[in-house]
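Spelled out, the chains give:
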Amino acid sequence: MPNLNNPMDYFGNLTDPRIDTKNKLHPLQSIVFIVLCATICGYDDWPSIEDFAEEQIEWFKQYVDLPNGIPSHDTLSRVFGRLDRTEFSNVFAQWINDSLPTLEQQHIAIDGKMIGGGFGQQHSMTLVSAFATSLKLVLCMHPVDKKTNEINALPELLSLINIKGSIVSMDALYCQKDISRQIIDAQADYVLALKQNHKTLYEDVALWLTTQAQQHPQHVVEEVNKDHGRIETRRYYLNTEIAWLLQASEWFGLTGLGMVESIRDIKGKQEVQRRFYLTSLTQLDDFKSTVRHHWAIENQQHWVLDVAFSEDANRAYINNQRSNLALFRRVALNLLRSNGTTALSAKRSRMKAALNHQYRHQVIFGHENV
């Protein structure tokens, strides 16, 4: 796992939204550092962040200026709500780009996640993120306004990172011709899930692949999993004969059509599900690996953020608070995974950072700086 650059070299230079007056008592860099450390250490609301900082004030004084002590939770909340979320996202991406100058041969999964839905739709927000599945790192994040949608956010998200040489996978929501072009123009490959949002194309591809897989079973790769009385068989098939497909030229870089057939046998009852894909890949092994690992973004990012960081339960929603705090949770998760003890879960690693000054320093600044 690569060590990530010092995040404060990036987030410490955010634009201060406050006017320079005598009431501006706390440097922005100090506020950002306090919130970042508290987020790493398991404190997820403004009062607890203030309490944590008060208890650790002597430790904080080693790293930032505190001319007027620890900022109140109201100050922390107000400043974070006013920080520009677009700049915040851009700085996050720049931090990752500098830390990981190449993503060649990496698999990047893209998906959206709604947070705050439990408190009513008016306070919910969707965040689209890119996740490097083998590195288990969040590469970038883009908040989605209620006036727009995830599809419109995706081109900007992809432009934030250098995807050259990688394989990008995404669900059917993002299966769009312009997206295929953007990925190919960036010299990357793609695997796009295909569903009924492209009805005619879906029906043509589904009929072709189902028929071809049945006629050429020797080209189908099968794997069987047994767990808790359930037997699940997955069959992977990739066909690069696309000359017959009238719409092929509309999808940039399209070279193959993929299918995954899942057969679940539960106590003698069988269920069959087939999923279909458009891809620029030509090797079955690459297609299989990409499809299998796509949902790591759910299991290793979304689920961890909800369970270990209580993301969906977070009540901060004033101005840009929700987006900015969500991004800092992803900064914290990246740092815990890159600089922390890999044997520890995210929850245990956060607890250790809260209790152990040396480990906290290691997580933030890397092993070599301890």
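For the structure, check the block above.
Residues numbered from 1 in each chain as written. Predicted model: local features only at pLDDT ≥ 70, side-chain atom pairs only at ≥ 80, totals over all residues. Heavy atoms only, no water.

Asks: Quick one: what's the story with the overall build of the protein, residue by residue and with numbers?
Replies: Along the backbone of the protein there are 14 helices and 9 strands. Taking 2.2 N^0.38 as the reference for a compact globule, 370 residues should give roughly 21 Å; the C-alpha atoms of the protein span a radius of gyration of 23 Å, in line with that estimate. For the protein, with 370 residues in total, the buried portion stands at 53%. If you take every contact in the protein between residues at least 6 apart in sequence, the share linking residues at least 24 apart comes to 64%. By element, 47% of the accessible surface of the protein is carried by carbon and sulfur atoms, the whole surface being about 17,300 Å². (Helix = DSSP H or I, 4+ residues; strand = E, 2+ residues; numbered from the N terminus. Rg over C-alpha atoms; globule rule 2.2 N^0.38 Å. Buried < 20%, exposed > 50% of the residue type's maximum accessible area, 1.4 Å probe, protein only. Contact = heavy atoms within 4.5 Å. Areas by Shrake-Rupley, 256 points an atom, 1.4 Å probe, with all protein chains shown as cover.)

Asks: Break down the sheet that holds strand β2 (residues 125-132) for me, citing the residues and quoting the values.
Replies: Taken in spatial order, the 9 strands line up as β3-β2-β1-β4-β5-β9-β8-β7-β6 in an open sheet, and their pairing is mixed. Looking at the sheet topology across the chains shown, the edges are occupied by β3 (137-144) and β6 (221-227). For this sheet, the mean angle separating the axes of adjacent strands, direction not counted, is 20°. The strands that helix α11 (residues 296-308) touches are β1 (107-115), β2 and β3; relative to β1, the one it contacts most, it runs at about 35°. (Pairing = 2+ DSSP bridges. Axes fitted to C-alpha atoms, helices over the stretch in contact; angles between N-to-C directions.)

Asks: Lay out the pattern of salt bridges with the relevant residues and their values.
Replies: Applying the stated criterion to the full structure yields 21 salt bridges. Residues E223 and R292 are paired through a salt bridge, measuring 3.4 Å at the closest nitrogen-oxygen approach. Of this pair, E223 sits in strand β6 while R292 is found in helix α10 (residues 284-293), placing the two residues 69 residues apart along the sequence. Where R274 meets E261, a salt bridge forms, and the shortest distance between an N and an O atom there is 2.8 Å. (Salt bridge = Lys/Arg side-chain N within 4 Å of Asp/Glu carboxyl O.)

Asks: Any details on helix α6 (residues 85-99)? Residues and values, ideally.
Replies: Working note: α-helix, 3.6 residues per turn, so residues spaced by three or four point in the same direction. Relative to the 21 Å expected for 15 residues at 1.5 Å per residue, α6 spans 21 Å between its end C-alpha atoms, a close match to the ideal helical length. Every buried residue of α6 is accounted for by R85, F88, S89, V91, F92, A93, W95, I96 and S99. Looking at the buried residues of α6, the elements they touch are α1 (8-11), α5 (73-82), β2, β3 and α12 (321-339). A distance of 3.1 Å separates the backbone nitrogen of T86 from a side-chain oxygen at the start of α6, and that oxygen is part of D84. (Expected span 1.5 Å × (residues − 1). Polar contact = N/O pair within 3.5 Å; in protein donor to acceptor, adjacent residues only side chain to side chain.)

Asks: Just give me the short version of the nonpolar core, but keep the residues and values in it.
Replies: F11, I110 and F328 are the most contacted members of the largest nonpolar core, which has 110 residues in total. Sorting elements by how many residues they give to this core places helix α2 (residues 28-40) first, with 10 residues. Ranked by size, the runner-up nonpolar core spans 12 residues in total, among them A172, V191, Y236 and L284. (Core = buried A, V, L, I, M, F, W, Y, C linked by side-chain atoms within 4.5 Å.)

Asks: Explain the packing of helix α13 (residues 346-355) against helix α14 (residues 357-365) residue by residue, including any values.
Replies: Remark: α13 packs on α14, axes separated minimally by 5 Å, with the N-to-C direction vectors making an angle of 120°. If you check the angle between α13 and α14, you find them oblique. Contact with α13, carried on its side by S349, K352, A353, A354 and L355, involves H357, Y359 and R360 of α14 and no other residues of that element. Here the contact of α13 with α14 is built from residues that sort into 4 nonpolar, 2 polar and 2 charged. (Parallel < 35°, antiparallel > 145°, perpendicular 65-115°, else oblique. Nonpolar A, V, L, I, M, F, W, Y, C, P; charged D, E, K, R; others polar.)

Asks: An account of the pairing of strand β5 (residues 189-194) is needed here, citing residue identities and associated values.
Replies: Successive residues of a regular strand alternate their side chains across the two faces of the sheet. Counting buried residues in β5 gives 5 out of 6 residues, a clear majority hidden from the surface. By the bridge criterion, 4 bridges tie strand β4 (residues 167-170) to β5 in an arrangement that is parallel. Looking at the pairing, I167 lines up with D189 of β5. In this fold, the crossover linking β4 to β5 by way of helix α8 (residues 177-185) has right-handed handedness. (Right-handed = clockwise from strand over helix to strand, strands pointing away.)

Asks: Please give an account of a negative patch on the surface that cites residues and values.
Replies: A cluster of acidic residues, D45, D51, E54 and E55, forms a negative patch on the protein surface. Summarising the element assignment, D45 is placed in the loop between α2 and α3 (46-55). Look at D45 and you get partly exposed, because its relative accessible area is 40%. (Patch = residues over 30% accessible without salt bridge, like charges linked within 9 Å, V, L, I, M, F, W, Y side chains within 5 Å. Lys, Arg positive; Asp, Glu negative; His and termini not counted. Charge placed at Lys NZ, Arg CZ, Asp CG, Glu CD.)

Asks: If you had to explain α13 to someone new, which residues and values would you point to?
Replies: Inspection of α13 places A346, S349, R350, A353 and A354 among the buried residues, and these make up the whole buried set. Summarising the axial view, the buried residues of α13 lie within an arc of 140°, below the 170-degree limit, and thus occupy one face. Facing away from the buried side of α13 by more than 90 degrees, the exposed set consists of K347, R348, M351 and L355. Taken together, the buried residues of α13 touch α2, α3, α11, α12 and α14. (Arc of directions from axis to C-beta.)

Asks: Tell me about the packing of aromatic side chains, and please be specific about residues and values.
Replies: Tallying each qualifying case throughout the model produces 20 aromatic pairs. For the pair F88 and F328, a centre-to-centre distance of 5.3 Å together with 40° between the ring planes defines the contact as tilted. Of this pair, F88 sits in helix α6 while F328 is found in helix α12, placing the two residues 240 residues apart along the sequence. Taken individually, F88 and F328 each receive the classification buried, so the pair is uniform in this respect. (Phe/Tyr/Trp six-rings, centres within 6.5 Å; stacked < 30°, edge-to-face > 60°.)

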